[in-house]
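For reference, the chains in residue letters:
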Amino acid sequence: MAQLPYAIDAETPLAPAELAVLRAQYESEGDMVGVQTKFNYAWGLVKSNARHEQHLGVMLLAEIFRVSLERRRECLYYLALGNYKLGNYAEARKYNDLLLDKEPGNLQAANLRSLIDDKVAKEGLMGVAIVSGVAVVAGIVGGVLLRNLGRKR
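Residues numbered from 1 in each chain as written. Predicted model: local features only at pLDDT ≥ 70, side-chain atom pairs only at ≥ 80, totals over all residues. Heavy atoms only, no water.

Visitor: For this particular structure, what's the right way to read the environment of Ile64?
Guide: As for its position among the elements, Ile64 is in helix α3 (residues 51-67). The class of Ile64 is buried, set by a relative accessible area of 3%. Linking Ile64 and Val35, residues 29 residues apart in sequence, is a C-alpha distance of 7.0 Å. (Helix = DSSP H or I, 4+ residues; strand = E, 2+ residues; numbered from the N terminus. Buried < 20%, exposed > 50% of the residue type's maximum accessible area, 1.4 Å probe, protein only.)

Here it is, written out as structure tokens:
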């Protein structure tokens, strides 16, 4: 990932012991888990390098976003970051753009937008290269088949 000072959350997971503390607090509250505890745990999960933890973090943040109107703004950046890390670039862009609409000067979100745009461009070029490669192979195979058909006649 690119080194952008304000998007450092994209690159710095919590230490396993730190995440364990957040998980223990979340689990200890059981069915009565508070919004702040859920947010803290989701934040730690999204920062993780483990895909299954990132996915759980995004799911928890999406729950908070749906039910807690006063916490929506806080969730936007980490929903964008989590979706970015999972490769869900359209979702990442959607949440990040919502945050930038509310806070145009938010440097963290602006830098995350750059990361998202770079990844989309890179993967778009990769997709074009793959499609081009498949087309070249299909053309070669087609040419060989046509040449062999021409010889048989």
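Back to the write-up after that little detour.
Visitor: Please explain helix α5 (residues 89-102) as it appears in this structure.
Guide: Each full turn of the α-helix corresponds to 3.6 residues, which orients residues three or four apart in the same direction. For α5, with 14 residues, the first-to-last C-alpha span of 20 Å sits near the 20 Å given by 1.5 Å per residue. Residues of α5 that are buried: Tyr89, Ala92, Tyr95, Asn96, Leu99 and Leu100. Each buried residue of α5 sits inside an arc of 140° when the element is viewed along its axis, so together they form one side. Opposite its buried face, α5 presents the exposed residues Ala90, Asp101 and Lys102, each directed more than 90 degrees away. (Expected span 1.5 Å × (residues − 1). Arc of directions from axis to C-beta.)

Visitor: Would you mind showing me how to read the nonpolar core here?
Guide: Generally speaking, soluble globular proteins have nonpolar side chains that are buried together. In this structure, Leu61, Cys75, Tyr78, Leu79, Leu81, Tyr84 and Leu112 are the most contacted members of the largest nonpolar core, which totals 32 residues. Looking at this core element by element, the count peaks at 9 residues for helix α4 (residues 72-86). (Core = buried A, V, L, I, M, F, W, Y, C linked by side-chain atoms within 4.5 Å.)

Visitor: I would appreciate a short explanation of the pattern of salt bridges in the present structure.
Guide: Pairing is possible between side chains that carry opposite charge, provided their charged atoms lie close to one another. Enumeration according to the criterion identifies 7 salt bridges in this entry. The partner of Arg113 in a salt bridge is Asp97, and the shortest N-O contact between them spans 3.3 Å. In this pair, Arg113 is assigned in helix α6 (residues 107-152) and Asp97 in helix α5, connecting sequence segments 16 residues apart. (Salt bridge = Lys/Arg side-chain N within 4 Å of Asp/Glu carboxyl O.)

Visitor: What is the right way to look at helix α2 (residues 35-47) in this model?
Guide: For α2, built from 13 residues, the straight-helix expectation of 18 Å at 1.5 Å per residue is met to within 8% by its first-to-last C-alpha distance of 18 Å. On its buried face, α2 sits against α1 (16-28), α3 and α4. (Contact = heavy atoms within 4.5 Å.)

Visitor: Could you clarify how one ought to interpret the packing of aromatic side chains in this entry?
Guide: The way to describe two aromatic rings as a pair is by their centre distance and the angle between their planes. Tallied over the entire structure, the rule returns 5 aromatic pairs. Ring centres 5.0 Å apart and planes at 85° place the aromatic pair Tyr77 and Tyr78 in the edge-to-face group. Each member of the pair, Tyr77 together with Tyr78, is buried. An aromatic cluster of at least three residues, connected via ring pairs, comprises Phe39, Tyr77 and Tyr78. Taking the ring centre of Phe39 as reference, the NZ or CZ of Arg71 above it sits at 5.4 Å. The cationic tip of Lys94 hangs over the ring face of Tyr95; the distance from NZ or CZ to the ring centre is 4.7 Å. (Phe/Tyr/Trp six-rings, centres within 6.5 Å; stacked < 30°, edge-to-face > 60°. Lys NZ or Arg CZ within 6 Å of the ring centre and 35° of its normal.)

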